[in-house]
Each structure stands twice: as structure tokens, then as C-alpha cells.
Amino acid sequence: MAESPKRASLREVFHFDAQGTLPKPGPIGRFVRLALGVLIAKFIYDWFVFIDSSDFANPFILAWVGFSVMLAPYVVNIGYGVNFGAWPRYALLGVWVLSAIAGYLAEGVLRSELLWTTVEATQVYLYGHLGLSFLVSAILATPGCEMRAIPQLLGQVSGSGSKEHYCPGFIDNIDRWERDRAMGGDTGD
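Residues numbered from 1 in each chain as written. Predicted model: local features only at pLDDT ≥ 70, side-chain atom pairs only at ≥ 80, totals over all residues. Heavy atoms only, no water.

## Topic: the confidence of the model for the chain
- In the predicted model, the chain carries a mean pLDDT of 91, and the fraction of residues at 70 or more is 93%.
- For the chain, per-element mean pLDDT is lowest for helix H1 (residues 10-13), which scores 77, and highest for helix H4 (residues 87-107), which scores 97. (pLDDT = per-residue confidence, 0-100. Helix = DSSP H or I, 4+ residues; strand = E, 2+ residues; numbered from the N terminus.)

Structure, rendered in C-alpha cells:
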């Protein structure tokens, strides 16, 4: 029986490279980042304007809330240049559980306003940080992961530079395809 390949732990995923190590995205990669940033900004706007605690059972909203659990370590670790592994995920879940307990004790219902407010605040932070990072990375042509765009901007302003991180999502594939296409490696056949 073949042994399954070892899956990398989140601690192994987060490692940072020196500035100038990763190639900058081209126009297509920057456009994709811009489009994703605009879509996420629209989601945040909708969250403030249209979404409220009555949407606790909405499958679309629950899917985005669930996705944020997966997203939390990437936003925090790459965005802040730290390596807490999966701890941001556990912290997020812990805050939600504590809010659910406190809300239940205060209001007598599991789907309390306190829980909703806590979930809402974490969604706005996580998706807001991600969306802003996409927008800034489109402007600055941030190499690798968009979550390094704000540190890149701060490094440019302060003159201290910033470390880079490959994109653990699909952005690296787009950038690689665009570079190969520009170099004649992709004939489009």
C-alpha cells in the first residue's frame, strides 16, 4: 500500500523571503487582484447595508463565515509577517464560542445579538484586510501574496523594505501563467 504524501502543517506554510526574491505580477495579475479587491469591498459594503442578524441561517452568509475560519491564519500570519500557524483560526473560533456562551447567558438564545456582532466584526476585519490588501497589491504590483501589500507599502514609506511571501492561493498560478505567456511558453493551443 502506497504511503500518502505528508501534508504540510500551517507552521511550515508561513515562511518569508527577502525583498526582491519573488517576481512582480504583470498587468493580468494586477487586474485579477484589483477585481478581487473590488468584489470583496462590495461584500463588506453589503455586510454593512443589507446583512443583519436575520441572516444567521442564510447558507450564502454561512459559507462566507465558514470560509473565514480557513482564511484567518493566512490573513494574520502573512499580513503581519508572523508565524502563529493555525492559532489565528483557533482564536477566531474561541472568540465566537465565548460570544455564543455570553450571548446565551445574557439573552437566553444561542443566536444572540452579541454572537452576531462578534461574527460581523471578525468578518469585516478579515475580509476588509484581505480586500484592502488586494487593492493595494494591484496598485503596487506586490510580488507573491497580496497579504504582503500593506507591509510593502509601509516598507516603501519608511524606507525599511519588507519581506515577501509566495501566494498559497491561486494568484501564483495566474502570475506564472502570465510570465510563461509573455516569454512564449504558452502558445494557447
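## Topic: the packing of H4 against helix H5 (residues 113-140)
- Two elements in contact, H4 and H5, have axes whose closest approach is 7 Å; the angle formed by their N-to-C orientations is 155 degrees. When the axis of H4 is compared with that of H5, the two are roughly antiparallel. Touching Leu 92, Val 95, Trp 96, Ser 99, Ala 100, Ala 102, Gly 103 and Glu 107 of H4 are Glu 113, Leu 114, Leu 115, Thr 118, Val 119, Thr 122, Gln 123 and Leu 126, all from H5. (Axes fitted to C-alpha atoms, helices over the stretch in contact; angles between N-to-C directions. Parallel < 35°, antiparallel > 145°, perpendicular 65-115°, else oblique. Contact = heavy atoms within 4.5 Å.)

## Thoughts on the nonpolar core
- Judged by nonpolar contacts, the single largest core of 34 residues is most densely connected at Trp 47, Trp 96, Tyr 127 and Leu 130.
- Every element with two or more residues in this core is listed here: H1, helix H2 (27-49), helix H3 (59-80), H4, H5 and helix H7 (171-182).
- Apart from the residues lying within four places of it in its own chain, the contact partners of Tyr 127 are Ile 40, Phe 43, Ile 44, Trp 64, Phe 67, Ser 68 and Leu 71. (Core = buried A, V, L, I, M, F, W, Y, C linked by side-chain atoms within 4.5 Å. Buried < 20%, exposed > 50% of the residue type's maximum accessible area, 1.4 Å probe, protein only.)

## Quick look at the pattern of salt bridges
- A complete count under the given rule lists two salt bridges for this structure.
- Between Asp 175 and Arg 33 there is a salt bridge, with its nearest N and O atoms 2.7 Å apart. Taken together, the residues span a long stretch of sequence, with Asp 175 in helix H7 and Arg 33 in helix H2 at a distance of 142 residues. You'll find Asp 175 and Arg 33 in the same group, each marked buried. (Salt bridge = Lys/Arg side-chain N within 4 Å of Asp/Glu carboxyl O.)

## Comments concerning H3
- Counted at 1.5 Å a residue, the expected span for H3 with its 22 residues is 32 Å, and the 31 Å between its end C-alpha atoms agrees.
- At Leu 71, H3 shows its maximal bend, which comes to roughly 50 degrees, and the proline Pro 73 appears one to four places after that position.
- Sitting at the head of H3, Asn 58 places a side-chain oxygen 2.8 Å from the backbone nitrogen of Phe 60.
- Of the residues flanking the end of H3, it is Gly 81, one or two places downstream, whose phi is positive at about 70 degrees. (Expected span 1.5 Å × (residues − 1). Bend = angle between axes of the 7 residues up to and from the residue. Polar contact = N/O pair within 3.5 Å; in protein donor to acceptor, adjacent residues only side chain to side chain.)

## Details of the packing of H2 against H7
- Contact geometry for H2 and H7: axes closest at 8 Å, N-to-C directions at 155 degrees. When the axis of H2 is compared with that of H7, the two are roughly antiparallel. You can see that H2 and H7 cross each other, and the crossing is right-handed. Across from Pro 27, Ile 28, Gly 29, Val 32, Arg 33 and Leu 36 in H2, the residues of H7 making contact are Ile 171, Ile 174, Asp 175, Trp 177, Glu 178 and Arg 181. (Left-handed = near helix turned anticlockwise from the far one by under 90°.)

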